[in-house]
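Topology and contacts: notes
Residues per chain, in single letters:
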Amino acid sequence: MVGSPFDTDQTLAATLAFVKNAFSEGWLRTGFVTISKFIPVPGSIYYYYPEKFGIEKFTSEKFQNAWFFSGPAVTATRNLSVSKVSEWHSRFIR
């Protein structure tokens, strides 16, 4: 998952390096990994108290239009803009 409230460019770069190494070492294989974007779902603490986690206010309309695996990112955090989350998601997918 990319774009969680505590992700930064540095943590995502480290995670991507780990994933690449895991593939090259044979620990992971294509088809066994799914990369999704963080979306605060109704019922979660992130949805009801986004300000506590540095998450941009998330509306139910945004949730209805959100796709975890495809489509654009819809949530910004204190560390990552929506466009940065989309950029990182694309890097992981490649």
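Our structure is the block above this text.
First, a word on what this report is: a plain description of the structure on this page.

The rules we used
The residue numbers shown here count from 1 along each chain, following its written sequence. Whole-chain, interface and lining totals are the exception, using all residues; otherwise, since this is a predicted model, local features are given only for residues with pLDDT of at least 70 and side-chain atom pairs are given and counted only at 80 or more. Heavy atoms from the whole structure form the basis of all side-chain values; hydrogens and water molecules are not counted. By definition, a salt bridge exists where a carboxyl oxygen of Asp or Glu is found within 4 Å of a side-chain nitrogen of Lys or Arg. Each helix is a run of H or I in the DSSP string that is no shorter than four residues. Each strand is a run of E no shorter than two, and both are numbered from the N terminus. Any residue under 20% of the maximum accessible area for its type is buried, any over 50% is exposed, and the rest in between are partly exposed; the area is computed with a 1.4 Å probe on protein chains only. Contacts are assigned to residue pairs that have any heavy atoms within 4.5 Å of one another. The length a helix should cover is 1.5 Å for every residue beyond the first. Note: the arc covers the axis-to-C-beta directions of the helix. The rule is short: rings of Phe, Tyr and Trp, with Trp giving its six-membered ring, pair when the centres are within 6.5 Å, and they are stacked under 30 degrees, edge-to-face over 60, tilted in between. Whether a charge sits over a ring depends on NZ of Lys or CZ of Arg being within 6 Å of the ring centre and within 35 degrees of the ring normal.

Attention shifts here to the pattern of salt bridges. In the structure shown here, the tally under the stated rule is three salt bridges. Residue Lys-84 pairs with Glu-87 through a salt bridge whose shortest N-O separation is 3.9 Å. One end of the pair is Lys-84 and the other is Glu-87, both in helix α4 (residues 82-93) and three residues apart, which spans about a single turn. Judged by its relative accessible area of 32%, Glu-87 falls in the partly exposed class. With a closest N to O distance of 2.6 Å, Glu-87 and Arg-91 form a salt bridge. Pair noted here: Glu-87 and Arg-91 are both in helix α4, with a separation of four residues, about one helical turn. The class for Arg-91 is partly exposed, based on a relative accessible area of 30%.

Now for the environment of Val-33. Tracing the chain through its elements places Val-33 in the loop between α1 (9-24) and α2 (45-48). The class for Val-33 is partly exposed, based on a relative accessible area of 31%. Along the chain, Val-33 and Ile-93 lie 60 residues apart, while their C-alpha atoms are 9.7 Å from each other. Beyond its immediate chain neighbours, meaning those up to four positions away, Val-33 contacts Phe-23 and Leu-28.

Now for α4. An ideal rise of 1.5 Å per residue puts 16 Å on twelve residues; α4 measures up with 17 Å between its terminal C-alpha atoms. Of all the positions in α4, only Val-85, Trp-88, His-89 and Phe-92 are classed as buried. For α4, the buried positions fall inside an angular range of 105° around the axis, keeping them on one side. Close packing links the buried residues of α4 with α1.

Summed over all chains, the structure comprises five aromatic pairs. Ring centres 5.4 Å apart and planes at 90° place the aromatic pair Phe-38 and Tyr-46 in the edge-to-face group. Given a relative accessible area of 8%, Phe-38 falls into the buried group. Ring geometry for Tyr-47 against Tyr-48: centres 5.1 Å apart, planes inclined by 85°, an arrangement best described as edge-to-face. Its relative accessible area of 13% is what places Tyr-47 among the buried residues. Grouped by ring-pair contacts, the aromatic residues Phe-6, Phe-38, Tyr-46 and Phe-53 constitute a single cluster. Sitting over the face of the ring of Tyr-49, Lys-52 holds its NZ or CZ atom 4.8 Å from the ring centroid.

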